[in-house]
Amino acid sequence: MFNSLNSTRHLAVYRAVLVLTATLMSYVLSTSIAHAAVIITEIQPLKYPTTVKNLNKSTVVIVNWKGNLGGGTNATLLDNDYYQGKYLVTSDSTKPITIEFFQLANETKVNLKTLRVRYKNKTYKSFPTIALENPGVNGEIISIGAKVAAGKKATAGQKFPQYVLRVTEQ
């Protein structure tokens, strides 16, 4: 009986701690919601077609911000499954924004180059790009494109070059 009573007290204390924790978490969440926020929603990631690797030179494939193949593409394509990256960016403030776009260099001897961002009918090619007009609550589409170059010493096989698109308010 004593253990049961003791357990009941511990349960009551535990419940009180949970309620207090939930109350504090609610306060922290509501406090953080009060700050301005930029939200990026991926519509589609930048995607390159499957290609045959060149043996004596770098293999280059360009998918521009329009979703078209660029003229510098020098590889034999095995499919037509490629498109530009598209992201919806929204903000609940009117502060200017900064756009950053860079590769993570996660694939050996495979690099993203000639990075391009299209935002509000203007193409940007150097990053970070600062003091851009805010997208507002209705948002704007950001389109991205880049050249992927696999060096002649890159191993054959599937490659997934990764990038970061970061939008912040100033």
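What you see is a predicted model, and the numbers here were worked out from it, not measured in a lab. (Residues numbered from 1 in each chain as written. Predicted model: local features only at pLDDT ≥ 70, side-chain atom pairs only at ≥ 80, totals over all residues. Heavy atoms only, no water.)

Draft legend 1. Geometry of the overall build of the protein. Scanning the protein from terminus to terminus reveals one helix and 11 strands. Start at the N end of the protein and walk to the C end: the helices and strands fall as α-β-β-β-β-β-β-β-β-β-β-β. Considering the protein as a whole, with its 170 residues, one finds that 30% of them fall into the buried category. When contacts within the protein are restricted to residue pairs at least 6 apart in sequence, those whose partners lie at least 24 apart make up 75%. A total of about 10900 Å² of accessible surface is found on the protein, and carbon and sulfur atoms cover 56% of it. (Helix = DSSP H or I, 4+ residues; strand = E, 2+ residues; numbered from the N terminus. Buried < 20%, exposed > 50% of the residue type's maximum accessible area, 1.4 Å probe, protein only. Contact = heavy atoms within 4.5 Å. Areas by Shrake-Rupley, 256 points an atom, 1.4 Å probe, with all protein chains shown as cover.)

Draft legend 2. Representation of the nonpolar core. In this structure, Y48, I99, Y119, I142 and I144 are the most contacted members of the largest nonpolar core, which totals 26 residues. Elements represented by at least two residues in this core include exactly β3 (59-63), β5 (85-91), β6 (97-103), β7 (110-119), β10 (140-150) and β11 (163-169). Those residues in contact with I144 that lie beyond four places of it in its chain are L46, N64, W65, Q84, G85, Y87, F101, R116, V117, Y163 and L165. (Core = buried A, V, L, I, M, F, W, Y, C linked by side-chain atoms within 4.5 Å.)

Draft legend 3. Highlighting the confidence of the model for the protein. Per-residue confidence for the protein averages 84 on the pLDDT scale, and 79% of its residues sit at or above 70. The low-confidence segment residues 1-34 (pLDDT under 50) makes zero contacts with residues lying over four places distant or belonging to another chain. (pLDDT = per-residue confidence, 0-100.)

Draft legend 4. Inspection of the packing of aromatic side chains at higher detail. Per the counting criterion, the structure on display carries two aromatic pairs. With centroids separated by 5.5 Å and ring planes inclined at 85 degrees, the aromatic side chains of F101 and Y163 adopt a geometry described as edge-to-face. Highlighted residues: F101 in strand β6 and Y163 in strand β11, separated in sequence by 62 residues. On the accessibility criterion, F101 (3% relative accessible area) is buried. (Phe/Tyr/Trp six-rings, centres within 6.5 Å; stacked < 30°, edge-to-face > 60°.)

Draft legend 5. Seen up close, the sheet that holds β6. Strand order in the open sheet formed by three strands is β9-β6-β11, with antiparallel pairing between adjacent strands. Single-partner strands in this sheet number two, and they are β9 (129-132) and β11. When the angles between neighbouring strand axes are averaged without regard to direction, this sheet yields 15 degrees. As defined by bridge partners, β6 adjoins β11 across seven bridges and the pair is classed as antiparallel. Its bridge partner lying in β11, I97 is registered against E169. (Pairing = 2+ DSSP bridges. Axes fitted to C-alpha atoms, helices over the stretch in contact; angles between N-to-C directions.)

Draft legend 6. How the structure looks around the pattern of salt bridges. According to the stated counting rule, one finds four salt bridges in the structure shown. A salt bridge links R166 to E100; its shortest N-O distance comes to 3.5 Å. Taken as a pair, R166 in strand β11 and E100 in strand β6 lie far apart in primary sequence, 66 residues in all. Residues joined in a network through salt bridges with shared partners are K120, E133 and E140. (Salt bridge = Lys/Arg side-chain N within 4 Å of Asp/Glu carboxyl O.)

Draft legend 7. A look at unusual backbone geometry. A cis amide bond links F127 to the next residue, P128, at an omega of 5 degrees. Note on placement: P128 falls in the loop between β8 (122-124) and β9. Residues other than glycine seldom take positive phi values, yet K120 does so here, at roughly 50 degrees. Mapped onto the secondary structure, K120 falls in the loop between β7 and β8. Residue classification places K120 among the partly exposed residues on the basis of a relative accessible area of 29%.

Draft legend 8. Fine view of the environment of P128. Sequence spacing of P128 and E100 is 28 residues, and the spatial spacing of their C-alpha atoms is 4.5 Å. Residues in contact with P128, not counting those within four places in the same chain, are T98, I99 and E100.

Draft legend 9. Spatial organisation of the pairing of β10. Burial analysis of β10 places eight of its 11 residues in the buried class, the great majority of the element. Looking at chain direction, β3 and β10 are connected through five bridges and run antiparallel. The residue bridging T59 from the neighbouring strand is A150, located in β10. As paired strands, β5 and β10 are joined by five bridges and run antiparallel to one another. For Y87, the partnering residue across the bridge sits in β10 and is I142. Pairing of β7 with β10, which is carried by eight bridges, proceeds in the antiparallel orientation. Bridge assignment links L112 to a residue of β10, and that residue is V148.

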